[in-house]
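Geometric and topological summary
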Amino acid sequence: MHPAWSVIIFTTVAGAAQGLVVALALAELLGAAPSAALLDRGLLLALGMLVVGLGASFLHLGRPERAWRAVMMWRTSWLSREVIVLPAFIGVVGLWWLSLRGGGSTSALPLLAIAVALLLWLCTAMIYVCIRFIQEWAHALTVVNYTLIGLASGAVLTAALAVLLGEVPFARSVTRWALGATLLAWALRTVALRRNAALKPKSNLQSATGIRSPKLVQKSMGMSAGSFNTREFFHGASAAAVRHVRLALHGLGFLLPALLLMAALSFGAPLVLLPLAFLVQAAGLQAERWLFFAQARHPQNLYYQTVS
Amino acid sequence: MAEAQPETLAKQLALVIDLNVCVGCHACVTSCKEWNTGGAAGPMSDQNAYGAGPTGTFFNRVQTYEAGSYPETETIHFPKSCLHCEDPPCVPVCPTGASYKRKEDGIVLVDYDKCIGCKYCAWACPYGARELDEERQVMTKCTLCVDRIYDELLPPADRKPACVMACPTGARLFGDVKDPHSEVSVAIRERGGYALMPEWQTQPANQYLPRKVTAAVGE
């Protein structure tokens, strides 16, 4: 598939915001209560990031002015469900933020925020899982990875924010969780990459055309200069470029952030390491999401192999 | 999460493509574009139409394949358009309901006024049968010439899709595959009609008639 920048931005930025909200909500519920200032800034940051994600998803549409129509088919469409759950999540986080501003203290809103964050990851991932013939996506690992990667980058962001606001002890305890989440996310993303590498496509040119000959090649795709089919479903990057993206996925997305988090833990969380870990990981996770789309081999590509 | 079982419709209009006689002339491609760009499904825009890399919206394409090894090769021209699946995976994923399958005749259509151009339906079609119109930014696809086949102003013999009317070799048959006595049902039954990518259980309504190997004269 051709990775769309709008979807990459939306899923990574919203995913980190969901993870940030979950981390703050868990801290609040477990009584590891950070200061009011951290909760206030953290939730405000999450709201800002969610609005950025929402904006990016609007820009993915050919007719953004009709986006409201996308809530109609929630009975059958995971995309429709996501379109409902994303604003609902923004609403819950906004309510929680407002209630904290008003001096309120309730465990209902953080609990609800965690539940809706998980629901949003489920909706986002199921959009891909439910396309059964994109075998790279049609697996429970897609849900696991969207959730774990969001949790990891959100936890790193929470730690970075805490250290920037001078909450060093809290930053240290969150850093342990962020490190654990990052390593777990890395392990399961690696399992998914292995699975993808071993996949045997169910469709081939013979099943696509019904021509039974064992030797079958396309001589012409029926047009000379491409179409929607050649633009939307091929990433067009060289094998070397894909290798570099895969290196960025492992190195920037997981390895380097994990080392930075470990360094932060051993050096008492100095100011610079945790924000740096977040920035490095954010870049690596763009690569991760790009590869998620680029690796998906759509069966329609069988019909678009040869120009002549 | 349980998807509703596909309803079995009483009528399902479809095309049957005879690979024995398609000569790859692309008359169905151009007649489709001509009819539909000026009809209810149009306009089908082109970009860079007179430049070096012309591209545009088409509902129907003719591709060419070569089977076997030289000198025992066969050239097969292969028309490809929406298959109007009985269980179309493109329909349930549409978030707005713009993509739908008509109960009365099984045609899969897009309501352009509801389409938001998210392209999710195209991702959910294993055949690549849908094309986003770059100018209108809505998803488009074969309509089986729904604005033609029911037009009572046309003589009954002309109430067929434009591609079927244009085919000089009669490679395209049109009719109701649920009527066992229709031309298409008889052709599928008697000539080994098959569906594309049966492995995904989309139950395409359109089917293809395989090539018959005929012995050369004198053999």
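Here's what I pulled together on the structure shown here. (Residues numbered from 1 in each chain as written. Chains lettered and ligands numbered in written order. Predicted model: local features only at pLDDT ≥ 70, side-chain atom pairs only at ≥ 80, totals over all residues.)

Examining unusual backbone geometry
Residues and elements named next belong to chain B. In this chain, Gly42 is followed by Pro43 through a cis amide linkage whose omega measures -10°. Its place among the elements puts Pro43 in the loop between helix H1 (27–37) and strand E2 (46–47). With an omega of 5°, the peptide bond running from Tyr70 to Pro71 counts as cis. Along the polypeptide, Pro71 turns up in the loop between strand E4 (60–67) and strand E5 (74–81). Of note, His26 is a non-glycine position whose phi angle comes to about 70°, a positive value. Inspection of the secondary structure puts His26 in the loop between strand E1 (13–18) and H1. (Helix = DSSP H or I, 4+ residues; strand = E, 2+ residues; numbered from the N terminus.)

Quick notes on the interface of chain A and chain B
Facing the 46 residues of chain A at the interface are 46 residues of chain B. Those elements giving two or more residues to the side of chain A that touches chain B turn out to be helix H3 (78–101), helix H7 (205–209), strand E1 (216–220) and helix H8 (228–232) of chain A. For the side of chain A that touches chain B, the element with the most residues is E1(A), which contributes five residues. Relative to E4(B), E1(A) runs antiparallel, the two being bridged by four bridges. Within E4(B), the residue paired with Leu216(A) across the bridge is Ala67(B). (Contact = placed C-beta atoms within 7 Å. Pairing = 2+ DSSP bridges.)

Here we look at the sheet that holds strand E10 (residues 172–176) of chain B
Residue and element names in this part refer to chain B. Pairing within the open sheet is mixed, and its three strands lie in the order E10-E1-E11. Unpaired on one side and paired on the other, E10 and strand E11 (207–209) mark the two borders of the sheet. Going from strand to strand, the sheet's axes swing by 25° on average, the running direction of each strand aside. Sheet strands touched by helix H6 (residues 183–190): E1, E10 and E11. Its angle to E10, the strand with the most contacts, is close to 115°. (Axes fitted to C-alpha atoms, helices over the stretch in contact; angles between N-to-C directions.)

With respect to the packing of helix H1 (residues 5–29) of chain A against helix H5 (residues 140–164) of chain A
Residues and elements named next belong to chain A. Between H1 and H5, the least distance of the axes is 6 Å, while the angle of their chain directions is 65°. Looking at the two axes, H1 sits roughly perpendicular to H5. The two elements H1 and H5 cross, and the hand of that crossing is right-handed. Taking contact as the criterion, the partners of Gly15, Ala16, Gln18, Gly19, Leu20, Val22, Ala23 and Leu24 in H1 are, on H5, Tyr146, Ile149, Gly150, Leu151, Ala152, Ser153, Gly154, Ala155, Leu157 and Thr158. Per-class residue counts for the contact of H1 with H5 are eleven nonpolar, seven polar and no charged. (Parallel < 35°, antiparallel > 145°, perpendicular 65-115°, else oblique. Left-handed = near helix turned anticlockwise from the far one by under 90°. Nonpolar A, V, L, I, M, F, W, Y, C, P; charged D, E, K, R; others polar.)

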